[in-house]
Amino acid sequence: MHRRISLTRYLVEKQHNDGRIPPELRLLLEVVARACKRISLAVTKGALGEVLGSAESENVQGEVQKKLDIIANEVLIEANEWGGHLAAMASEEMDDIYVVPHRFPKGEYLLLFDPLDGSSNIDVNVSIGTIFSVLRKQNDDPQAVDPVSAADFLQAGNQQVAAGYCVYGPQTTLVLTVGDGVAMFTLDREQGSFVLTAEGLKIPEDTKEFAINMSNLRHWDAPVKRYIDECLQGKEGPRGKDFNMRWVASMVADVHRIMTRGGVFMYPWDKREPNKPGKLRLMYEANPMAWLIEQAGGCATDGRQRILDIQPTQLHQRVSVVLGSKNEVDRVTRYHNPL
Ligand code: AHG
Ligand code: MN
Ligand code: MN
């Protein structure tokens, strides 16, 4: 009989056999997965669960929050605050960090998340997701009073100890790395558990598929215009092959497609907001995705340098993103960094 490996078993084996993760990190990842299950259930209820529509409030980035943005944020906090594995959390939907309240035990980990990615797709029943990143608090003294500050979170992406995302689409799929490759788990709704469905994911180095919001073309910088223009010229152009385009407008779904069959995803800087480096957020969107992509053999840059080496200065800082199949990301990065 085909042996089914649950996420729980996978993580227990990572702890005991490989010694790759300590028990607190295993617990943390299980709790995040449990929260994702709850969010998945809420998403599936749609109009019946009164989860659609706007919450008529704004987040720190000035974006109007959807009801599901707030619900997903609360689910993740409630699930994670009491387990004793965390010192604090940070989220796209909270201006400041959320320090674990004094009544709960504290741990050494920091959890960052985009609770609901692809908010514009909630009401139209298109794939959305959750993105998360785990860091370890440096020089920690968990017994100290209020030992955590936003500064503790300002670590480069190469310091992550775990990262993942969950896609709420036709299937609910959790994709995870703890630094030894990428594993994929599919939610078995009857059993209520995530089951390992792929391991050691590998993104093809070459691709004929790009993902970018083409409506911003006129606002891009020359290197991005050049790259896309060459793709659009197809067989007759310098690339000598036809390209296909996809843009879901949920980073989670676009990255998941790339994880599955390759491609390149770009959300570059553009002239609409020239003072911001990009639209996507470094700490809880770009960093976890960049690490997952690299762990699957792909690349992730901001057009010029490796995303994981960027030293953050602000919790909600933005970044330009180019990620996916290695040879395409290298090309875009070369166009930005001519010799
Ligand atoms: P969020 O819903 O968390 O704010 O993120 C949306 C992001 C990302 O998921 C997606 O790739 C991009 O915004 C889509 O932006 P456009 O609507 O500008 O295409
Ligand atoms: Mn997002
Ligand atoms: Mn979001």
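Residues numbered from 1 in each chain as written. Chains lettered and ligands numbered in written order. Predicted model: local features only at pLDDT ≥ 70, side-chain atom pairs only at ≥ 80, totals over all residues. Heavy atoms only, no water.

A. A look at the overall build of the protein. For the protein, the helix and strand inventory stands at 8 helices and 17 strands. Taken against the 2.2 N^0.38 rule, which gives 20 Å for 339 residues, the C-alpha radius of gyration of the protein at 20 Å falls within 12% of a compact globule. In terms of principal-axis extent, the alpha carbons of the protein reach across some 65 × 55 × 45 Å. Within the protein, the fraction of its 339 residues that count as buried is 56%. Summarising the internal contacts of the protein: among those between residues at least 6 apart in sequence, 65% fall at separations of at least 24. Computed over 39 positive and 45 negative side-chain charges, the separation of the two mean positions in the protein equals 5 Å. (Helix = DSSP H or I, 4+ residues; strand = E, 2+ residues; numbered from the N terminus. Rg over C-alpha atoms; globule rule 2.2 N^0.38 Å. Buried < 20%, exposed > 50% of the residue type's maximum accessible area, 1.4 Å probe, protein only. Contact = heavy atoms within 4.5 Å. Lys, Arg positive; Asp, Glu negative; His and termini not counted. Charge placed at Lys NZ, Arg CZ, Asp CG, Glu CD.)

B. View of the nonpolar core. With 47 residues, the main nonpolar core has L29 and V134 as its most contacted residues. Contact partners of V134, with chain neighbours within four places excluded, come to L25, L28, L29, Y109, L110, L111, Q160, V161 and A162. Counting residues in each nonpolar core, the second largest holds 33 residues, with I131, V255, F265 and A286 among its members. (Core = buried A, V, L, I, M, F, W, Y, C linked by side-chain atoms within 4.5 Å.)

C. Representation of the environment of D69 in the model. You can see D69 is positioned in helix α3 (residues 67-80). Measuring from C-alpha to C-alpha, the distance between D69 and V252 comes to 15 Å, with 183 residues separating the pair along the chain. In this view, D69 contacts V64, E93, P115, L116 and S119; residues no more than four positions away in its chain are not counted. A polar contact is formed between the side chain of D69 and the backbone nitrogen of K66, at a distance of 2.8 Å. (Polar contact = N/O pair within 3.5 Å; in protein donor to acceptor, adjacent residues only side chain to side chain.)

D. Summary view of the environment of K208. For K208, the location among the structural elements is in the loop between β10 (193-199) and β11 (209-211). When the C-alpha positions of K208 and P312 are compared, they lie 33 Å apart, and in sequence the two are 104 residues distant. Filtering out sequence-adjacent residues up to four positions away, K208 remains in contact with K241, D242, F243 and N244.

E. Highlighting the coordination of the manganese ion (ligand 3). Looking at the manganese ion (ligand 3), one finds its protein donor set to be E92 (OE), D114 (OD) and L116 (O), positioned 2.2 to 2.4 Å from the metal centre. Taken in chain order, the donor set of the manganese ion (ligand 3) reads E-x21-D-x1-L. Separating the manganese ion (ligand 3) from the manganese ion (ligand 2) is a gap of 3.7 Å, which D114 spans by donating to each of them. Note that E92 is positioned in the loop between β3 (86-91) and β4 (98-99) and D114 in strand β5 (residues 109-117), a separation of 22 residues in sequence. (Donors = N, O, S within 2.8 Å, 3.2 Å for Na, K, Ca; no water.)

F. The sheet that holds β3, seen in detail. What the 8 strands build is an open sheet, ordered β4-β3-β5-β6-β7-β8-β9-β10; its pairing is mixed. Each of the sheet's edge strands pairs with one partner strand only, and the pair in question is β4 and β10. Sheet analysis places strand β8 (residues 172-177) next to strand β9 (residues 182-188), joined by 5 bridges and oriented antiparallel. Residue pairing in the sheet places L176 in a bridge with A183 of β9. The strands touched by helix α1 (residues 7-16) are β8, β9 and β10; relative to β8, the strand with the most contacts, the crossing angle is about 5 degrees. Contacts from helix α2 (residues 23-45) reach β3, β5, β6 (128-136), β7 (162-168), β8, β9 and β10 within the one sheet, and its direction differs from that of β6 by about 165 degrees. (Pairing = 2+ DSSP bridges. Axes fitted to C-alpha atoms, helices over the stretch in contact; angles between N-to-C directions.)

G. A look at the coordination of the manganese ion (ligand 2). Coordination of the manganese ion (ligand 2) by the protein involves D114 (OD), D117 (OD) and E285 (OE), with metal-donor separations of 1.8 to 2.1 Å. Read in sequence order, the donor residues for the manganese ion (ligand 2) give the motif D-x2-D-x167-E. Note on E285: relative accessible area 1%, which makes it buried.

H. Representation of the domain arrangement of the protein within the structure. For the protein, the assigned domains are domain 1 (7-199) and domain 2 (209-336). Between domain 1 and domain 2, the C-alpha centre-to-centre distance is 24 Å. Taken together, the contact pairs 49 residues of domain 1 with 31 residues of domain 2. Between domain 1 and domain 2, roughly 2900 Å² of surface is buried when both sides are summed, and carbon and sulfur atoms account for 63% of that area. Applying the counting rule to domain 1 against domain 2 returns 2 salt bridges. (Domains from an automatic or database assignment. Buried area = accessible area lost by both parts, 1.4 Å probe. Salt bridge = Lys/Arg side-chain N within 4 Å of Asp/Glu carboxyl O.)

I. Region of interest: the site of ligand 1. As a matter of local geometry, ligand 1 sits amid 18 residues, with D117, S119, N213, M251 and Y267 nearest to it. Taking L116, its main chain carries an N or O atom lying 3.4 Å from an oxygen atom of ligand 1. Within the side chain of W247, one N or O atom sits 3.0 Å away from an oxygen atom of ligand 1. Contact with the protein chains hides 87% of the accessible area of ligand 1, taken as 470 Å² for the molecule alone. Listed by contribution, the elements that provide at least two residues to the shell around ligand 1 are β5, β13 (264-267) and β14 (280-281). When residues in the shell around ligand 1 are grouped by element, the largest group, 3 residues, is from β5. Of the residues that make up the shell around ligand 1, three or more belong to each of domain 1 (7-199) and domain 2 (209-336). (Near = heavy atom within 4 Å. Areas by Shrake-Rupley, 256 points an atom, 1.4 Å probe, with all protein chains shown as cover.)

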